[in-house]
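What the coordinates show
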Amino acid sequence: MPSQEELVLTADTFSRGALRMTVTLLRSINPKLALTVQNQMCSPINPQPDNNPSPKDNFKIGLVPLDVRGVVESLQKKGQHPQVDPGTQMMVKALIIDWINYANLLIGLENSKNAQQ
């Protein structure tokens, strides 16, 4: 069993539930991007002991910045749709925050790489 320190979540770590919801929301807007996000769910960081996929599984993702931008923009469009219920709007806002945090991590990594050159 991994220690708690090994399971510390960072901005590039998403839960199975967050990735599934992102895929579900993107599928009608941008199916290609939805598939790209879905493909990030290949090897969980902390697989659950049973054989059933758990929403508690976490995945380290690695998307290019333009895909992350596409995810954020698509989620914003979905959240602004007039027929979206308040619960879904709240979930979309939480997902947008997660994806923006990931984008900020990518920006920080790129800035530190450029500073070293």
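Residues numbered from 1 in each chain as written. Predicted model: local features only at pLDDT ≥ 70, side-chain atom pairs only at ≥ 80, totals over all residues. Heavy atoms only, no water.

Observations concerning the overall build of the protein chain
- Helices and strands together make up the secondary structure of the protein chain, namely four helices and two strands.
- Along the protein chain, from the amino end to the carboxyl end, the secondary structure elements read β-α-α-β-α-α.
- Within the protein chain, buried positions represent 31% of all 117 residues.
- Across the protein chain, contacts joining residues at least 24 apart in sequence account for 67% of those joining residues at least 6 apart. (Helix = DSSP H or I, 4+ residues; strand = E, 2+ residues; numbered from the N terminus. Buried < 20%, exposed > 50% of the residue type's maximum accessible area, 1.4 Å probe, protein only. Contact = heavy atoms within 4.5 Å.)

Quick look at the packing of aromatic side chains
- Under the criterion given, the structure shown has three aromatic pairs.
- A centroid spacing of 6.2 Å and a plane angle of 90° characterise the contact between Phe 14 and Tyr 102, whose relative ring orientation is edge-to-face. Of this pair, Phe 14 sits in strand S1 (residues 13-15) while Tyr 102 sits in helix H4 (residues 86-116), placing them 88 residues apart in sequence.
- Judged by its relative accessible area of 3%, Phe 14 is buried.
- Relative accessible area serves as the criterion here: at 2%, Tyr 102 is assigned to the buried category.
- Aromatic side chains Trp 99 and Tyr 102 sit 6.2 Å apart centroid to centroid with 75° between the ring planes, which places their arrangement in the edge-to-face category. On the criterion of helical spacing, the pair formed by Trp 99 and Tyr 102 is a turn pair, its members being three residues apart in helix H4. Across this residue pair, the class does not change: Trp 99 and Tyr 102 are buried.
- Put simply, the rings of Phe 14, Trp 99 and Tyr 102 touch in pairs and so form one group of aromatic residues. (Phe/Tyr/Trp six-rings, centres within 6.5 Å; stacked < 30°, edge-to-face > 60°.)

A word on the layout of surface pockets
- In this model, the largest pocket occupies a volume close to 190 Å³.
- Along its surface, the largest pocket is lined by Pro 65, Val 68, Arg 69, Val 72, Glu 73, Ala 103, Leu 106, Ile 107, Leu 109, Glu 110 and Lys 113.
- Those elements giving two or more residues to the lining of the largest pocket turn out to be helix H3 (65-80) and H4.
- Element by element, the count of residues in the lining of the largest pocket is highest for H4, at six residues. (1 Å grid on protein atoms, 1.4 Å probe; cavity = no way out; pocket = protein on both sides within 12 Å on 5 of 7 lines; lining within 4 Å. Points joined across faces, edges and corners; volume = space filled by probe spheres on them.)

Some points on the environment of Tyr 102
- For Tyr 102 and Gly 62, which are 40 residues apart along the polypeptide, the C-alpha to C-alpha distance reads 9.6 Å.
- Apart from residues no more than four positions distant in its own chain, Tyr 102 is found in contact with Ala 11, Asp 12, Phe 14, Ile 61, Gly 62, Leu 63 and Val 68.
- For Tyr 102, the side chain forms a polar contact with the main-chain nitrogen of Leu 63, separated by 3.0 Å. (Polar contact = N/O pair within 3.5 Å; in protein donor to acceptor, adjacent residues only side chain to side chain.)

Comments concerning the nonpolar core
- With 23 residues, the main nonpolar core has Phe 14, Leu 19, Val 37, Val 71, Leu 75, Trp 99 and Tyr 102 as its most contacted residues.
- For this core, the secondary-structure elements that each account for two or more residues are helix H1 (16-27), helix H2 (31-38), H3 and H4.
- Looking at this core element by element, the count peaks at six residues for H4. (Core = buried A, V, L, I, M, F, W, Y, C linked by side-chain atoms within 4.5 Å.)

Looking at H3
- Helix length check: H3 (16 residues) gives 23 Å between terminal C-alpha atoms against 22 Å at 1.5 Å per residue, within 8%.
- Among the residues of H3, Val 68, Gly 70, Val 71, Val 72, Ser 74, Leu 75 and Gly 79 are the ones counted as buried.
- Summarising the contacts, the buried residues of H3 are in contact with H1, H2 and H4. (Expected span 1.5 Å × (residues − 1).)

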